Structures are given as structure tokens and as C-alpha cells.
Amino acid sequence: RLDDVVWLRELGTLGERSARMSQLAASIANKLEFDADRIDTASRAAYLSKTDLLTDMVGEFPDLQGVIGKAYAVLNGEGEAVAQALLDQYLPRGADDDLPHTDPGACVALAERLDALVGIFGVGKIPKSSADPYALRRASLGVLRILQGRAWNLSIGELVSAAYAVYVGQGKQDAFVADEDALVAQVSDFILTRLKHALANEFSTDVVDAVLAVSGDDVLSARDRVEALAQLRDEEDFEPLAIGFKRVVNILRKQADAHYEIPAEVDADLLEDLQERELLARYEEAKRQVESALETRDWAGACRGLITLKSPIDDFFDHVMVMADDENLRRNRLAILDRLRDLFLRVADISMIQTER
């Protein structure tokens, strides 16, 4: 009977949606390297996920969707794991609601939301200001809360791409108003904007922007990274460091705009001044500290590694002429700045932090 119920005209029936969700839930479970039982449970639960919408009970009491699905699944011998996942698909319903209780249930819940986001965005029904008839903002927050709550380190972009691929498998992409790259970027940005807004409720917007600018779609670490940078910002040396880094970024941006080629490596034989030799040495020390911290996801440790560069950066700009007349010296000094920028951008783009000056 699900094949006779249209979900959205451009996207087909509830039967087709259930089939997509089944494939997507299994794909997510595979990404997480779950065992065969959990993968099968996620796939089966997603396939059955909308059946209770056709029951008289849910027809009379819509708030019981999922609850009745779980009860009927048990009565029909589907097993407790599948039954629980049928209920879990609707969790969380809101910002303070419970999360899915099981791994398969969380996979179904992600599939439910991602299928809606990609499909509805795909046909151009994008939320505008306060108008969000398909509750896509809530769906996005659900995706974020599930990933964070279960500590699943999954890329938002890859999840959205997986949902798109399932639509392609059904030939539904012909109804989409954007191509794959544009749609994946649009949906991913929409979800990550919800992450930005959530973090901005706790931390300064510029700190949030500085982290999210470089952390991509690493949802799992976002809050810890923002918190670490917020703590670093309170240190006395942070603002001078941010000002120095902005100078680094501005110099390199001008060279990029001029299509000036900067060497990939620094030539030690061209280091004339004590301050440039000291900066390079301190950079190598900081790089080791930052890389070690990043490997263990010690975001505070990575930030502490950056703060050690405040004094050598100041001394460098006080005593060294970056844009020297000698082109070899100029290119070599720009190479030092380029390596500094790359190291900072592995943690945060602190040039986005507001400073007094």
C-alpha cells in the first residue's frame, strides 16, 4: 500500500522513499563498519519505517507514529532490534528530545533526515527565512545531534553524497534543479549552518567562524575545537598573535592575487637575519607540537602550540623586510610565511578573530 501513497510528486511514493532509506541506512552502517546483523537490522527497519502510517491507529492518533510501528513489528515477529529502530527513526523530535537508543536506529534516523534534505532541496523547495514547511532545519539539527551523541566521525559531505547516490539509483535526479556538486554543497552548507548557529549560542561568532573555516565538516570535534580556541583567546599573547597572523595572511593574499609563485620549501642557505632563522626554528618546534596534538585530537594542545609563535613572528616583522629587493630573499621569506599560514589553518583561521587594532 505504500506504493500507492505519494510522498512528494517529484520524488515518488512512500514505497520508493522506504526503499531509498533502506539502502541509505545500510550504506551508513557500512561506513561505520558495523557487523552484518546491525547492517541488516538498519536496512530492514528503514524498509518498514513508514508502514505504520497506513494503520488506523496512526490515522486516528498521528503522534503515535513509530510507537505503533514498534509495537506492530514485535507482534509480527520482526524482533526487538528492528522494532526499536522503527521508533528510533523519529528521534530526536526536538532540541531536548532523546536520541536514538541503538546503532541501527540511529542509522535509520540519519537516513530519514538525509533523504528528506537531499530530495526536497533537490526539487528546489528550499526553506526561506522563517518558512520551513518540511522542517528541514529540525532535520539538520537531528543529523548533527545524532552524530555528536553517538560520537560518529562521519563527513556531512559524504553522507549527503550517499543520499544523492540513492536518488540516482531510482532515477529521481532528473527532477532535481541542481547538479550533484551544487546540490551536495548546498545541503551540506545548510546542515553546517545549523552547527554554526548552535555553537554561536555558546561562543563568540568570530571564534566559531575561525574554527569552522578550517575544520570542514568534522561535526564531532567542532565544539571542542571552538572551546579550545575560545580559551586561547583569553590569553594575553593571543591578540598580538592574531594581529601578526592577519599580517601573514594579507601579505600572502596580495602575492596570490598577483599570481606570484612562492617556493614550496624554505632554502636554509638564504636565511640572512637572526630573526628569520629563529622564526623557522620555532615554527618547526610548534609544528611538531601541533601535529602531535592533532593526532590525539587534543585541540587545546594544538592551540598552545600556536601561541608559542607570537614572539618570533613579532620579532620577524620588526626586523626583517619580507618584500626584499633581492627576489631570492623575497621568495624565501614568503615561503616561511606560507608554511606558518598552513600550520595555523590546521587549527583555526585566527585572521577571522576580531581584535582591538
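Asks: How do you make sense of the overall build of the protein chain when you look at a structure like this?
Replies: For the protein chain, the count of helices and strands is 16 helices and 2 strands. Overall, the protein chain is about 80 × 40 × 35 Å in size when its C-alpha atoms are taken along their principal axes. Considering the protein chain as a whole, with its 357 residues, one finds that 49% of them fall into the buried category. Taking all contacts inside the protein chain whose residues are at least 6 apart in sequence as the whole, residues at least 24 apart take part in 68%. In the structure as shown, the protein chain presents an accessible area of about 17000 Å², 46% of it carried by carbon and sulfur atoms. Distance between charge centres in the protein chain, computed from 41 positive and 64 negative side chains, equals 3 Å.

Asks: Would you mind showing me how to read the pattern of salt bridges here?
Replies: Any two side chains of opposite charge can pair, so long as their charged atoms come close to each other. The tally for this structure, following the rule as stated, stands at 28 salt bridges. We note a salt bridge from arginine 93 to aspartate 97, for which the minimum N-O separation is 3.7 Å. What you see here is one network of salt bridges that share partners, running through Arg17, Arg20, Lys50, Glu112 and Asp115.

Asks: Can you walk me through the nonpolar core in this structure?
Replies: Soluble globular proteins tend to pack their nonpolar side chains together in the buried interior. Counting 109 residues, the largest nonpolar core has Leu114, Leu229 and Ile350 as its most contacted members. Ignoring any residue separated from it by four or fewer positions in sequence, one finds leucine 114 in contact with Leu24, Ile28, Val143, Leu159, Val160, Ala163 and Ile191.

Asks: I would appreciate a short explanation of a negative patch on the surface in the present structure.
Replies: A surface patch of like charges, here negative, comprises Asp234, Glu235, Glu236 and Asp237. The topology assignment puts glutamate 236 in the loop between helix H11 (219–233) and helix H12 (238–257). Take glutamate 236: its relative accessible area is 75%, and that puts it in the exposed class.

So, how was this worked out
Residues numbered from 1 in each chain as written. Predicted model: local features only at pLDDT ≥ 70, side-chain atom pairs only at ≥ 80, totals over all residues. Heavy atoms only, no water. Helix = DSSP H or I, 4+ residues; strand = E, 2+ residues; numbered from the N terminus. Buried < 20%, exposed > 50% of the residue type's maximum accessible area, 1.4 Å probe, protein only. Contact = heavy atoms within 4.5 Å. Areas by Shrake-Rupley, 256 points an atom, 1.4 Å probe, with all protein chains shown as cover. Lys, Arg positive; Asp, Glu negative; His and termini not counted. Charge placed at Lys NZ, Arg CZ, Asp CG, Glu CD. Salt bridge = Lys/Arg side-chain N within 4 Å of Asp/Glu carboxyl O. Core = buried A, V, L, I, M, F, W, Y, C linked by side-chain atoms within 4.5 Å. Patch = residues over 30% accessible without salt bridge, like charges linked within 9 Å, V, L, I, M, F, W, Y side chains within 5 Å.

None of the figures reported here should be taken as evidence of function without further support.
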